[in-house]
Amino acid sequence: MQDTVEQSLYQRLGGYDAIAAATDELLSRLLADPQLGGYWKGASLDNQRTARQRIVDFMTEAAGGPAYYTGRDMRLSHAGMHISESDWEVFMEHSRGTLAHFAVPERETQDVLDFFSSLKGDIVEA
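Residues numbered from 1 in each chain as written. Predicted model: local features only at pLDDT ≥ 70, side-chain atom pairs only at ≥ 80, totals over all residues. Heavy atoms only, no water.

J.: So what exactly am I meant to see when it comes to the pattern of salt bridges here?
T.: Side-chain pairs of opposite charge can arise whenever the charged atoms involved come near each other. This model, assessed by the stated rule, comprises eight salt bridges. With its nearest N and O atoms 2.4 Å apart, the salt bridge here joins glutamate 6 to arginine 107. Of the two residues, glutamate 6 is situated in the segment before helix H1 (9-13) and arginine 107 in helix H6 (residues 106-123); the sequence distance between them amounts to 101 residues. By relative accessible area, which is 52% here, glutamate 6 ends up exposed. The closest approach of N and O atoms between arginine 29 and glutamate 25, which form a salt bridge, is 2.9 Å. Residue arginine 29 and its partner glutamate 25 are located together in helix H2 (residues 16-32), separated by four residues, close to a single helical turn. One salt-bridge network, in which partners are shared between bridges, spans Glu6, Arg12, Arg107, Glu108 and Asp111. (Salt bridge = Lys/Arg side-chain N within 4 Å of Asp/Glu carboxyl O. Helix = DSSP H or I, 4+ residues; strand = E, 2+ residues; numbered from the N terminus. Buried < 20%, exposed > 50% of the residue type's maximum accessible area, 1.4 Å probe, protein only.)

Given below as structure tokens:
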């Protein structure tokens, strides 16, 4: 009898390049969104690139991949931004759309959305 080891979410999503591509797609959707795009108003290109890399590292580590997230925790990172329930719903819609764009299988899609949902209490303030 052979032992089978469950692949990590990182592996099931396709690894670093897949997470980076999904992050880029999601960020482009968020920046273009009339409700959410203002959260990046005034951020320099360098700040945007740094934030993008932090998101990739955060997601890679959270999914079981070989990255070490060095940013602040989610509560501190989003404190004072006044992210509302409505903002959260728009973010989740864009997240679902991004996963569908890359034809991520249902199980992995649900795992990612469940992970995002676990962060909601630290992100939504208003």
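Additional details are given in the paragraphs that follow.
J.: Sorry if this is basic, but what is going on with the packing of H2 against helix H3 (residues 45-62) here?
T.: Between two packed helices, the angle of one axis relative to the other and the distance separating the axes together describe the packing. Running from N to C, H2 and H3 point in directions that differ by 130 degrees, and their axes come no closer than 10 Å. Here H3 runs oblique to H2, going by the angle between their axes. The handedness of the crossing between H2 and H3 is right-handed. In this structure, H2 contributes Tyr16, Ile19, Ala20, Thr23, Asp24, Leu27 and Leu31 to the contact, and H3 contributes Gln48, Arg52, Gln53, Ile55, Val56, Asp57, Met59 and Thr60. Looking at the contact of H2 with H3 residue by residue, the classes come out as eight nonpolar, four polar and three charged. (Axes fitted to C-alpha atoms, helices over the stretch in contact; angles between N-to-C directions. Parallel < 35°, antiparallel > 145°, perpendicular 65-115°, else oblique. Left-handed = near helix turned anticlockwise from the far one by under 90°. Contact = heavy atoms within 4.5 Å. Nonpolar A, V, L, I, M, F, W, Y, C, P; charged D, E, K, R; others polar.)

J.: What am I meant to see in helix H5 (residues 85-101) here?
T.: Residues separated by three or four positions in an α-helix point in the same direction, a consequence of the helix having 3.6 residues per turn. Look at H5: 24 Å from first C-alpha to last across 17 residues, which is about the 24 Å you get at 1.5 Å a residue. Residues of H5 that are buried include every one of Asp87, Trp88, Val90, Phe91, Met92, His94, Ser95, Thr98 and Leu99, and no others. Tucked inside the fold, the buried residues of H5 contact H2 and H6. Downstream of H5 by one or two residues, alanine 103 has phi in the positive range, about 50 degrees. (Expected span 1.5 Å × (residues − 1).)

J.: When you look at the packing of aromatic side chains in this model, what are you seeing that I'm missing?
T.: Here a ring pair, both rings aromatic, is described through the centre-centre distance and the interplanar angle of the planes. As enumerated under the stated definition, the model contains five aromatic pairs in all. Ring plane angle 70 degrees and centroid distance 4.9 Å describe the contact between phenylalanine 58 and tyrosine 69, whose orientation is recorded as edge-to-face. Of this pair, phenylalanine 58 sits in helix H3 while tyrosine 69 sits in the loop between H3 and helix H4 (74-78), and the two are 11 residues apart along the sequence. Judged on exposure class, the residue phenylalanine 58 and its partner tyrosine 69 are both buried. Ring centres 5.3 Å apart and planes at 50 degrees place the aromatic pair phenylalanine 91 and phenylalanine 116 in the tilted group. With phenylalanine 91 in helix H5 and phenylalanine 116 in helix H6, this pair connects stretches of sequence that are 25 residues apart. The burial state of phenylalanine 91 is the same as that of phenylalanine 116; both residues are buried. One aromatic cluster in this structure is built from Phe58, Tyr69, Trp88, Phe91, Phe115 and Phe116. (Phe/Tyr/Trp six-rings, centres within 6.5 Å; stacked < 30°, edge-to-face > 60°.)

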